[in-house]
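Each chain is listed here by its residues.
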Amino acid sequence: MLQFPANALARPLEDFLAQVRLSPGQAVKMPIQLRWGGGLGGAVQSVQVLATWAKLEGAGRALRLPGAFASQENTRERFASTLPGMAALYFAERIDCDGEPFSRYKALEVVAPRIAAMQSGAYRDTLRGQGAALCCFIGAKNEFLNALYSRASPGEVREVTDFRVLLPRILKDLSVRDDALNEGQLDYLSGLIYQLFLNADEHGSFDESGARFETGMRGLAVRLTAVSDVKSLVHYAGEDTALKAYLIKLALLEKSKGRVSEDAEKLPGGSMQLLEISVFDTGPGLGLRWLSEKEGRRSYAEISHDEELAAVQTCFKKHATTKASQFKGQGLSMALMALKRLDAFMTLRTGRLSLYQDFSRSDTTEFEPRNRFPKLKRPPEVAGTGYSICFRLK
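Residues numbered from 1 in each chain as written. Predicted model: local features only at pLDDT ≥ 70, side-chain atom pairs only at ≥ 80, totals over all residues. Heavy atoms only, no water.

Caption draft 1: Representation of the sheet that holds strand β1 (residues 2–3) in the model. Read from one edge to the other, the open sheet built from 5 strands follows the order β1-β2-β3-β4-β5, with strand pairing classed as mixed. Of all the strands in the sheet, just β1 and β5 (100–102) have a single pairing partner and so form its edges. Alignment of strand β4 (residues 94–97) against β5, held across 3 bridges, turns out to be antiparallel. Counterpart to isoleucine 95 in the pairing with β5 is phenylalanine 102. (Pairing = 2+ DSSP bridges. Helix = DSSP H or I, 4+ residues; strand = E, 2+ residues; numbered from the N terminus.)

Caption draft 2: Layout of the packing of helix α2 (residues 42–55) against helix α5 (residues 83–91). At a minimum axis distance of 8 Å, the contact between α2 and α5 shows a crossing angle of 15°. Considered as vectors, α2 and α5 are oriented roughly parallel to each other. Here the hand of the crossing between α2 and α5 comes out right-handed. Of the residues in α5, those touching α2 at Ala43, Val44, Ser46, Val47, Leu50, Ala51, Trp53 and Ala54 are Leu83, Pro84, Ala87, Ala88 and Phe91. Partitioned by chemical class, the residues of the contact of α2 with α5 number 12 nonpolar, 1 polar and no charged. (Axes fitted to C-alpha atoms, helices over the stretch in contact; angles between N-to-C directions. Parallel < 35°, antiparallel > 145°, perpendicular 65-115°, else oblique. Left-handed = near helix turned anticlockwise from the far one by under 90°. Contact = heavy atoms within 4.5 Å. Nonpolar A, V, L, I, M, F, W, Y, C, P; charged D, E, K, R; others polar.)

Caption draft 3: Quick peek at the packing of aromatic side chains. For the structure on display, the rule yields 11 aromatic pairs. Ring geometry for phenylalanine 69 versus phenylalanine 79: centroids 5.8 Å apart, planes at 85°, classification edge-to-face. One end of the pair, phenylalanine 69, is in helix α3 (residues 67–71); the other, phenylalanine 79, is in helix α4 (residues 73–80), with 10 residues separating them in the sequence. Given the relative accessible area of 0%, phenylalanine 69 is considered buried. Each ring, one from tyrosine 90 and one from phenylalanine 91, has its centre 5.0 Å from the other, and the planes form 65°; the classification is edge-to-face. On the accessibility criterion, phenylalanine 91 (1% relative accessible area) is buried. Of the aromatic side chains, those joined through ring pairs into one cluster are Phe144, Tyr149, Phe163, Tyr194 and Phe197. The residue whose ring lies beneath arginine 11 is phenylalanine 373, and the NZ or CZ to ring-centre distance is 5.6 Å. Over the ring of phenylalanine 213 we find lysine 55, and its NZ or CZ is 4.3 Å from the ring centre. (Phe/Tyr/Trp six-rings, centres within 6.5 Å; stacked < 30°, edge-to-face > 60°. Buried < 20%, exposed > 50% of the residue type's maximum accessible area, 1.4 Å probe, protein only. Lys NZ or Arg CZ within 6 Å of the ring centre and 35° of its normal.)

Caption draft 4: Expanded view of α4. Along α4, the residues that are buried comprise Thr75, Arg76, Phe79 and Ala80. For α4, the arc enclosing every buried residue in end-on projection is 125°, short of the 170-degree limit, so these residues lie on one face. Away from its buried face, by an angle of more than 90 degrees, α4 presents the exposed residues Glu73 and Asn74. As for α4, its buried residues are in contact with β3 (62–65), α3, α5, β5, α6 (104–109) and α7 (112–120). (Arc of directions from axis to C-beta.)

Caption draft 5: Inspection of the pairing of strand β8 (residues 272–281) at higher detail. Counting buried residues in β8 gives 9 out of 10 residues, a clear majority hidden from the surface. Note that strand β7 (residues 217–227) and β8 share 10 bridges and pair antiparallel. Its bridge partner being in β8, valine 222 is matched across the sheet by isoleucine 277.

Caption draft 6: Examining the sheet that holds strand β10 (residues 353–358) more closely. Sheet architecture is open: 7 strands sit in the order β6-β7-β8-β12-β9-β10-β11, paired in antiparallel fashion. The open sheet has two edge strands with one neighbour each: β6 (131–137) and β11 (370–371). Examined bridge by bridge, β6 and β7 share 7 bridges and lie antiparallel to one another. Of the residues in β7, the one forming a bridge with alanine 133 is alanine 221. Running at roughly 175° to strand β12 (residues 382–392), α2 makes contact with β7, β8, β9 (345–351) and β12 of the sheet.

Caption draft 7: Structural detail: helix α9 (residues 183–205). Here α9 contains 23 residues, and its C-alpha end-to-end distance of 32 Å stays within 8% of the 33 Å for a straight helix at 1.5 Å per residue. In terms of burial, α9 is a largely internal element, 19 of the 23 residues being buried. Capping the start of α9, asparagine 182 holds a side-chain oxygen 3.1 Å from the backbone nitrogen of glycine 184, two or three residues further along. (Expected span 1.5 Å × (residues − 1). Polar contact = N/O pair within 3.5 Å; in protein donor to acceptor, adjacent residues only side chain to side chain.)

Caption draft 8: Structural view of the nonpolar core. Counting 129 residues, the largest nonpolar core has Leu83, Leu89, Leu134, Leu148, Leu220 and Phe391 as its most contacted members. The biggest single contributor to this core is α9, with 9 residues. (Core = buried A, V, L, I, M, F, W, Y, C linked by side-chain atoms within 4.5 Å.)

Right, dumping it as structure tokens:
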């Protein structure tokens, strides 16, 4: 049996993914609650990992949960109110609680109010805690959410102007200050989210041969994380040296502004607020999808690591998308400039690549991602593509 990590940050998830790929067909045991709530990209990467588990040939897709899930409605609600929890219940074929079978239909009943909130625009009620999500589940009645689609059909994503209205509404529901982001930053962040979701709609719905998936997820998530203990978070980040350096840099900046005590690793409760925006899908992955369109590739076995990296980088170049974009080749570069001004930290997990870019560095202006885990030269293949953009609210 595979044990899903309670510390669902990027590096522990990579280790768990390696176990999943080495041992297909095993049940997955999940805790009810994850440390840090799946923040800092952990929730989105968890969805990708669970989708990988579900897609592996021979996987029985048995989900093991504590007995309290069966006996306590509030425990079921707590689990189902997170992205990893929703994904686990959706991708599982059967559920066991302390060895006893539990109705998957009954388990999914507690997800229904969250999906209804996504469809009605009650974003504050879509996730537990200071977060919101819009999740499209393939095959679900409300797969094509009103906020994201103009019609209930693949390819009918709303216009970029609709995303410009959507982002401030989500931020308002999460009680983000009106002046936290200026109009220009909202323009370009909304445009970036729009572009990434266009790709998620196409990449997350169809396989490399063009056939529509029977199961899968795509969507976006916004989350506020109040960090009061940088030392603890840095410890949990493990070998994620890039993220650790970024967090420490932010903590030192807070100290330099006189917002913290002499202990730079301890911050007053909630004094450093991080805003995280993620877009994800569980399709073939960015590199494989690109090369299947351009060169007819059908699996990662046909693609070298360098080819995959080059394909991912190409997708961010001028006029290089698999779908026509209203950006006309310019908006994405402007969005990257906005990330630079926000001193943002961006991660991208797709295929066999785990990349990051620290826009707070003085030597970065273009999309030039780096390997996130130097000791992990070839991360295990993961389903789909997940982008996360994280920055401090000033």
